[in-house]
2 protein chains.
Amino acid sequence: MLEVVLGGTGGTMPLKNRWLCCCWLRQEGSTMLIDCGEGTQIALKCAGISFQGIDILCITHYHADHISGLVGLLLSMGNEGRTRPLTVIGPRGLERTVTNLRVIAPELPFALELHELDGDTETFPFGDAVLTAFPVRHTLPCCGYSVTLPRVGKFDVERAKAAGIPQKLWGILQKQESVTAEDGTVYHQSQVLGAPRKGLKVTYCTDTRPVPAIAKYADSADLFICEGMYGEPEKLGKAVETAHMLFSEAAELAELANVKELWLTHYSPSLPDPQEFLANATEIFPNTKCGKDGMRTVLRFSEP
Amino acid sequence: MLEVVLGGTGGTMPLKNRWLCCCWLRQEGSTMLIDCGEGTQIALKCAGISFQGIDILCITHYHADHISGLVGLLLSMGNEGRTRPLTVIGPRGLERTVTNLRVIAPELPFALELHELDGDTETFPFGDAVLTAFPVRHTLPCCGYSVTLPRVGKFDVERAKAAGIPQKLWGILQKQESVTAEDGTVYHQSQVLGAPRKGLKVTYCTDTRPVPAIAKYADSADLFICEGMYGEPEKLGKAVETAHMLFSEAAELAELANVKELWLTHYSPSLPDPQEFLANATEIFPNTKCGKDGMRTVLRFSEP
């Protein structure tokens, strides 16, 4: 199971009725947040999310609308009693950016474990899932993030019986690679599990031009959350110039990546009603929705 | 005339229903803002205030709740087309703090004119008024700010006639120190004006212990806006430890300074309803009000 909440959906600047874009994900007991612009700590409260639980904070890049709320969030975590370390992942420049911003928060009651990406794809454990950071193309180093939750194959009772595996070990073998019986025999998952079943995947991507790598990393995602800075086709020139996307370009990526569902986010302040231009995406990728502040979903395994 | 708007009234962290404290003032065509924590740019929009008009930004001190919204505000000013310089005034450390915070906003389409206070009282022109910055006592260098609008004496027609001042020069002498007539005679205001009349004064003060200097600088203010971090008398120890004030301490300062009206602000997040403790202030200084986000007033000369 993967829970996903869009804390905000705005780009450039926070508005009276639209928080800056950020995304909160939970996989069982593990929680992560992508981006924290000005006001994200309030956006999380509005969405009923405790930021105390956050294990990993991922930053896409160091434009202010994606990180200007960092210090406020860290201080509020501290004020509410956090002492356990927080992992912060971001592209090149993380150390320098965080150090500079902390001029107004030099002391925190918990440690920051900074993990600066070097421009290549990297993976990290996130609960039972895998968090993948991959480079995209913006006006400065920028990353997209995917969370992939694998699922092992179905337990085959007949094979387990045939292999003579004691029934009390079956439950253990569903969860771990191997187990040693009392008599010293080692049994393996491969003896009892079928082929891996379809897992779950969420891919989040902003701010970037629609480069093919995105479709590769979003391949077959259950949910693809992608920037749609502009809805209007005539803003293509502006999108190219500022290294952003049109709704239609996000939809083309969704189609190419063969995802199940696309949510648009990171709207320009010049776009008060994204819904007005949704058709520009749905005519290319029908299962597109305009992301809204507080929008949420729970993804569950589809196979029995 | 002096317009005053409380953009927010919170301390420590922004809440769902309370912006971080800031204060906007206008004197004729000149506008200033005191403090800009996380979300202040949204708070201003909520209060119907254009931040484009701001001429002077005063920072009380460099705790995050008073300056974490600086970069967002500057970028939004830039996005909305500002090219004229912005004066920024703050205590020691201004240059270093602003430079560090601008790691995520290295380029702006307008200049910042930083004026770092050296710990003494300093004055600046603000429209027809005078802006005074004065040191207070917090856990790091911190300033209070007063805006004083003087008012010249009443024009004395009989004295003007007796002095033989041509009537067409009367209007000029009401506004400027002296005027030269066509025949070369120089006339002075002192020949036609009575004693200066009562002007207007607003004093703003947070975060600080209630040191006597505050009463001195707030002397006879029409409006004294002062921090009231805690309403409960039993939080005195905490107020002393964190260098803040109780409601009652702010009221004592108001009483001592002989101000007309006191507004409390900068409430602790632990204080959801400041009104509950208002009596702790009004029993000392009756004309106390609990500041609220968006609260505003227009101060006008009282004498004819």
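See the structure shown above.
Figured I'd write up the structure that's included with this text. (Residues numbered from 1 in each chain as written. Chains lettered and ligands numbered in written order. Predicted model: local features only at pLDDT ≥ 70, side-chain atom pairs only at ≥ 80, totals over all residues. Heavy atoms only, no water.)

### Structural notes on the overall build of chain A
So, point 1. Assigned secondary structure in chain A consists of 10 helices and 16 strands.
So, point 2. Relative to the compact-globule value of 19 Å for 304 residues, chain A shows a C-alpha radius of gyration of 21 Å, a close match.
So, point 3. Counting only C-alpha atoms and orienting by the principal axes, one finds that chain A spans roughly 70 × 50 × 35 Å.
So, point 4. When the 304 residues of chain A are sorted by exposure, 58% land in the buried category.
So, point 5. Within chain A, residue pairs in contact and separated by at least 24 positions form 65% of the contacts whose partners lie at least 6 positions apart.
So, point 6. Accessible surface, chain A as shown: approximately 12500 Å² in total, 51% of it carbon and sulfur.
So, point 7. Charge separation in chain A, taken as the distance between the mean sites of 28 positive and 36 negative side-chain charges, equals 4 Å. (Helix = DSSP H or I, 4+ residues; strand = E, 2+ residues; numbered from the N terminus. Rg over C-alpha atoms; globule rule 2.2 N^0.38 Å. Buried < 20%, exposed > 50% of the residue type's maximum accessible area, 1.4 Å probe, protein only. Contact = heavy atoms within 4.5 Å. Areas by Shrake-Rupley, 256 points an atom, 1.4 Å probe, with all protein chains shown as cover. Lys, Arg positive; Asp, Glu negative; His and termini not counted. Charge placed at Lys NZ, Arg CZ, Asp CG, Glu CD.)

### Regarding the relation of the copies chain B and chain A
Copies of the same chain, two in number, are related to each other by a rotation about an axis and a translation along it.
So, point 1. Superposing chain B onto chain A requires a rotation of 180° together with a translation of 0.0 Å along the rotation axis, leaving an RMSD of 0.1 Å. What we have between these two chains is a two-fold relation.
So, point 2. With an isologous cut-off of 70% or more, the 100% of interface residues of chain B that recur at the interface of chain A puts this contact in the isologous class. (Least-squares fit on C-alpha atoms with pLDDT ≥ 70 in both.)

### Concerning the interface of chain B and chain A
So, point 1. Contacts between the two partners involve 31 residues from chain B and, on the opposite side, 31 residues from chain A.
So, point 2. Of the roughly 2500 Å² buried where chain B meets chain A, counting both sides, 67% is carbon and sulfur surface.
So, point 3. The largest per-residue losses of area from chain B upon contact with chain A belong to Glu38(B), Val103(B) and Ile104(B), which jointly make up 25% of the total buried on that side.
So, point 4. Run the count over chain B and chain A and you get zero salt bridges.
So, point 5. For the interface between chain B and chain A, the tally reads four residue pairs in polar contact (both at pLDDT 80 or more).
So, point 6. The set of elements that each furnish at least two residues to the side of chain B that touches chain A consists of α1 (40-46), α2 (64-67), α3 (70-79) and α4 (94-101) of chain B.
So, point 7. Residue composition of the side of chain B that touches chain A, grouped by class: 14 nonpolar, 12 polar and five charged. (Buried area = accessible area lost by both parts, 1.4 Å probe. Salt bridge = Lys/Arg side-chain N within 4 Å of Asp/Glu carboxyl O. Polar contact = N/O pair within 3.5 Å; in protein donor to acceptor, adjacent residues only side chain to side chain. Nonpolar A, V, L, I, M, F, W, Y, C, P; charged D, E, K, R; others polar.)

### Things to note about the pairing of strand β5 (residues 86-90) of chain B
Residues and elements named next belong to chain B.
So, point 1. Within β5, four of the five residues are buried, which leaves it mostly tucked inside the rest of the structure.
So, point 2. Strand direction decides the pairing type here: strand β4 (residues 56-58) and β5, joined by three bridges, are parallel. When the sheet's bridge partners are listed, cysteine 58 is paired in β5 with isoleucine 89.
So, point 3. Pairing of β5 with strand β6 (residues 112-116), which is carried by five bridges, proceeds in the parallel orientation. Its bridge partner being in β6, valine 88 is matched across the sheet by leucine 114.
So, point 4. The β-α-β motif built from β5, the intervening α4 and the parallel element β6 has right-handed crossover chirality. (Pairing = 2+ DSSP bridges. Right-handed = clockwise from strand over helix to strand, strands pointing away.)

### So, the packing of aromatic side chains
All names here are of chain A.
So, point 1. Across all of its chains, the model carries seven aromatic pairs over all chains by this definition.
So, point 2. Ring centres 4.4 Å apart and planes at 10° place the aromatic pair phenylalanine 134 and tyrosine 217 in the stacked group. Within this pair, whereas phenylalanine 134 is found in strand β8 (residues 129-135), its partner tyrosine 217 is found in helix α7 (residues 212-217), the two being separated by 83 residues in sequence. Here phenylalanine 134 matches tyrosine 217 in class, with each residue buried.
So, point 3. Geometry around phenylalanine 110 places arginine 82 over its ring, the cationic atom sitting 5.6 Å from the centre. (Phe/Tyr/Trp six-rings, centres within 6.5 Å; stacked < 30°, edge-to-face > 60°. Lys NZ or Arg CZ within 6 Å of the ring centre and 35° of its normal.)

### So, the pattern of salt bridges
All names here are of chain A.
So, point 1. All chains considered together, the criterion is met by 16 salt bridges over all chains.
So, point 2. Two residues, lysine 168 and glutamate 182, come together in a salt bridge whose shortest N-O distance is 3.0 Å. Taken together, the residues lysine 168 in the loop between α5 (157-162) and α6 (170-175) and glutamate 182 in the loop between β10 (178-180) and β11 (186-188) connect sequence positions 14 residues apart. Each member of the pair, lysine 168 together with glutamate 182, is exposed.
So, point 3. Several salt bridges converge on common partners, so that one network encompasses Lys198, Asp222 and Lys260.

### Regarding empty space enclosed by the protein
So, point 1. What the rule picks out here adds up to two cavities of 30 Å³ or more.
So, point 2. As a volume, the largest cavity reaches approximately 80 Å³.
So, point 3. In terms of lining residues, the largest cavity is bounded by Ile67(A), Ser68(A), Leu70(A), Val71(A), Leu101(A), Ile104(A), Ser68(B), Val71(B), Leu101(B) and Ile104(B).
So, point 4. Across the lining of the largest cavity, the residue classes break down as eight nonpolar, two polar and no charged.
So, point 5. The calculated volume of the second largest cavity comes to roughly 60 Å³.
So, point 6. As for the second largest cavity, its lining consists of Thr12(A), Met13(A), Pro14(A), Leu20(A), Glu38(A), Ala64(A), Asp65(A), Ser68(A), Gln41(B), Gly72(B), Leu75(B) and Ser76(B). (1 Å grid on protein atoms, 1.4 Å probe; cavity = no way out; pocket = protein on both sides within 12 Å on 5 of 7 lines; lining within 4 Å. Points joined across faces, edges and corners; volume = space filled by probe spheres on them.)

### Concerning the nonpolar core
So, point 1. Within the largest apolar cluster, 62 residues are counted, with the highest numbers of intra-cluster contacts made by Leu33(A), Leu86(A), Leu33(B) and Leu86(B).
So, point 2. The residues touching Leu86(B), leaving out its near neighbours within four places in the chain, are Ile54(B), Asp55(B), Ile56(B), Leu57(B), Leu74(B), Met77(B), Phe110(B), Ala111(B), Leu112(B) and Glu113(B). (Core = buried A, V, L, I, M, F, W, Y, C linked by side-chain atoms within 4.5 Å.)

### Regarding the sheet that holds strand β13 (residues 223-227) of chain B
All names here are of chain B.
So, point 1. If you trace the seven strands from one edge of the open sheet to the other, you get β7-β8-β9-β12-β13-β14-β15, paired in mixed fashion. The open sheet is flanked by β7 (122-126) and β15 (288-290), the only strands paired with a single partner. Each neighbouring strand pair of the sheet contributes to a mean axis angle of 20°, computed without reference to strand direction.
So, point 2. Here six bridges tie strand β9 (residues 143-151) to strand β12 (residues 197-205), and the two strands are oriented antiparallel to one another. (Axes fitted to C-alpha atoms, helices over the stretch in contact; angles between N-to-C directions.)

### Quick word on the environment of Gln176(B)
Residue and element names in this part refer to chain B.
So, point 1. As for its placement among the helices and strands, glutamine 176 is situated in the loop between α6 (170-175) and β10 (178-180).
So, point 2. Looking at glutamine 176, the relative accessible area reads 39%, which means it is partly exposed.
So, point 3. Separated by 69 residues in the primary sequence, glutamine 176 and glutamate 107 place their C-alpha atoms 42 Å from one another.

### Considering the sheet that holds β6(B)
Residue and element names in this part refer to chain B.
So, point 1. Here seven strands make up an open sheet; going across it, the order is β6-β5-β4-β3-β2-β1-β16 and the pairing mixed. Among the strands making up the open sheet, the edge pair consists of β6 and β16 (296-299). Recorded for the sheet is a direction-independent mean angle of 20° between the axes of neighbouring strands.
So, point 2. Note: strand β2 (residues 22-27) against strand β3 (residues 30-34), five bridges, orientation antiparallel. What sits directly across from leucine 25, in β3, is methionine 32.
So, point 3. α4 contacts β5 and β6 of the sheet and is inclined by roughly 145° relative to β6.

### Points about the environment of Phe134(A)
Residue and element names in this part refer to chain A.
So, point 1. Residue classification places phenylalanine 134 among the buried residues on the basis of a relative accessible area of 0%.
So, point 2. With 11 residues separating them along the chain, phenylalanine 134 and threonine 123 place their C-alpha atoms 8.8 Å apart.
So, point 3. Excluding anything up to four places from it in sequence, phenylalanine 134 contacts Thr121, Cys142, Cys143, Gly144, Tyr145, Ser146, Thr203, Cys205, Ile214 and Tyr217.

### Things to note about the environment of Leu44(A)
All names here are of chain A.
So, point 1. For leucine 44, the position within the fold is in helix α1 (residues 40-46).
So, point 2. Separated by 20 residues in the primary sequence, leucine 44 and tryptophan 24 place their C-alpha atoms 8.5 Å from one another.
So, point 3. Every residue in contact with leucine 44, bar those within four places of it in the chain, is listed here: Leu33, Ile49, Phe51, Ile54 and Leu73.

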